[in-house]
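Residues per chain are reported as follows:
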Amino acid sequence: MPRRFSLSRRTLLGGAGALIALPWLEAMAPVARRARGADPEPPPLRALFYYLPNGIHMQSWTPATEGPGYEITPILSPLVDPQAMVDLKGDVMVLTGLQNLPAKPEGPGDHAGGTSAFLTCTHVTKSETDINNDISIDQVLANAIGEATPHRSLQFGTANGATMGNCDSGYSCAYTSNISWADSKTPLPKLYDPQVIFDLLFSGFDPAATAEELAKRRANRLSVIDYATDQVETLQTKLGKTDRDKLDQYLTGLRDLEKRLTAENTEAVCELPAMFSGAYPDFTTHVDLMTELMVLAFQCDQTRVITFMLENAGSYRDYSFIGAQGSHHEISHHMDNPDNFAKLEIIDRWEMVQFAKLLQKLKSSPEGEGTLLDNCVVFLSSEISDGNAHNHNNLPVLLAGRAGGQLTPGRHVKYGETPPLSNLFISIAEMFGVPVDGFGDDGVGPLPNLKV
């Protein structure tokens, strides 16, 4: 009887100074379980928290009806796009009526107050120097499950951000540039350059590499995969057809991403450098690369907790490239001007296109009996609701994925008693087996009606 081949979940392909993480393969299941035909071990759960700046044009966001039969609104339309072969309505829940009142600032400063409380649900004192927040929900999860992966959590974004100085009406820049907080005094800065992230995740260096091997890599900037070709070929001979196909798909995607990054940043990056400019041909390409990296980080189990900021609080980015000329922040102060409403709808719909790309990539990645998206919970919202009113009630909230069967998406759920956003985070913690008595300033218990 042939000996069963077993592959460790932590296996890396390496050589000549490069290391490649692998996706989950059937050969990584415990041999004893496979031998006795036991039910496969369920895939791990992942959480991703996605931040949008400057609120949303709520009139074009909020569905008119509740339940599974709700109609897709103009801003949410990228979630169902027949031309792009995208149908994500059944994978997303629209939650209406949630509020994050601890985000309300002391006087002006709603962007800082809302962003600092985005994942902490904690009121912060207006100050440029006296930083005082609380742990964010992503770090609650990371503290519980982070040791299972090379990176406890990852913080990504599209813009760098200072941690000192005044960034919003007397509030520290630490509050406007970060949504992930390890504790009351420690914001976790984000990585915003895709090349840096790629090298961190997929081309970390083999400690056994010789100086000659490292020098060769610096000189040639050859593909990470090329260094491990022999190991890949040997591994493929030991895998079943399903695993071979999955490995081939994964390495093809990894090679394509590396080529795109190398073409745009030709300097050799051989060790994790200080963050640099990240000069990419356009903003959409930058976001696309970040999206691919987030999916790959989940696929190869580099982490199970990610936060992503699509720009910093109060972003002034100009979206002329999609027909919405002017500062996003200024446009969000719409003053009930129909022209501003039209521009906001263009910007918000573009943001949903980017979010749909992320979800579709997760949904297109098979895992276990389902998909990667099935084993995720993906939270999306903004620091405020309406950009002119700067309100922190009736927030725009999407919840995607099934969390391994603990969520029932495909519905518009309207909460009439304005429960706190913190209750949703208590529910998410419980999905990961983390008991939480309370959370933030006002969280008292799990949010109902997330599963039917």
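This text gives an overview of the structure that appears in the document. (Residues numbered from 1 in each chain as written. Predicted model: local features only at pLDDT ≥ 70, side-chain atom pairs only at ≥ 80, totals over all residues. Heavy atoms only, no water.)

What follows concerns the sheet that holds strand β12 (residues 305-309). As summarised here, the arrangement of the 7 strands in space is β7-β12-β3-β17-β18-β6-β19, forming an open sheet in which the pairing is mixed. Every other strand in the sheet has two partners, leaving β7 (154-157) and β19 (411-414) as the edge strands with one partner each. Pairs of neighbouring strands in the sheet enclose a mean axial angle of 15 degrees, with direction left out of account. Relative to strand β17 (residues 376-382), strand β3 (residues 46-52) runs parallel, the two sharing 7 bridges. (Pairing = 2+ DSSP bridges. Helix = DSSP H or I, 4+ residues; strand = E, 2+ residues; numbered from the N terminus. Axes fitted to C-alpha atoms, helices over the stretch in contact; angles between N-to-C directions.)

What follows is about the pairing of β17. A large share of β17 lies buried, amounting to 7 of its 7 residues. The alternating pattern of β17 places Cys376, Val378, Leu380 and Ser382 and Val377, Phe379 and Ser381 on opposite faces, both of which are buried. (Buried < 20%, exposed > 50% of the residue type's maximum accessible area, 1.4 Å probe, protein only.)

Looking now at unusual backbone geometry. At asparagine 54, a position not held by glycine, the phi torsion is positive, near 70 degrees. Taking the relative accessible area as the measure of exposure, asparagine 54 reaches 1% and is therefore buried. Although it is not a glycine, histidine 390 adopts a positive phi angle of roughly 55 degrees. In this structure, histidine 390 sits in the loop between β17 and β18 (397-400). Taking the relative accessible area as the measure of exposure, histidine 390 reaches 16% and is therefore buried.

A few words on the state of the cysteines. Taken as a whole and assessed by the stated rule, the structure comprises 1 disulfide. Here cysteine 167 pairs with cysteine 173 through a disulfide, and the sulfurs are 2.0 Å apart. Disulfide cysteine 167-cysteine 173: torsion about the S-S bond near 85 degrees, hence right-handed. Take cysteine 167: its relative accessible area is 43%, and that puts it in the partly exposed class. A residue is classified by how much of its surface remains accessible, and cysteine 173, at 4% relative accessible area, is buried. (Disulfide = S-S within 2.5 Å.)

Bringing the pattern of salt bridges into the picture now. Counted according to the given criterion, the structure contains 10 salt bridges. In this structure, the salt-bridge partner of glutamate 367 is arginine 46, at a minimum N-O distance of 2.6 Å. Taken as a pair, glutamate 367 in strand β15 (residues 366-367) and arginine 46 in strand β3 lie far apart in primary sequence, 321 residues in all. Assessed through its relative accessible area of 4%, glutamate 367 is described here as buried. Owing to a relative accessible area of 0%, arginine 46 belongs among the buried residues under this scheme. Where aspartate 288 meets lysine 357, a salt bridge forms, and the shortest distance between an N and an O atom there is 2.9 Å. Taken together, the residues aspartate 288 in helix α10 (residues 283-299) and lysine 357 in helix α12 (residues 338-363) connect sequence positions 69 residues apart. Within the structure, one salt-bridge network assembled from shared partners comprises Asp91, Lys363, Asp374 and Arg402. (Salt bridge = Lys/Arg side-chain N within 4 Å of Asp/Glu carboxyl O.)

Here the focus is the environment of threonine 65. Tracing the backbone shows threonine 65 in the loop between β3 and β4 (80-81). According to the relative accessible area criterion, threonine 65 is partly exposed, its value standing at 40%. Distance in space between the C-alpha atoms of threonine 65 and histidine 412 is 7.4 Å, their sequence separation being 347 residues. Residues contacting threonine 65, with those up to four places away along its chain left out, are Tyr70, Glu71 and His412. (Contact = heavy atoms within 4.5 Å.)

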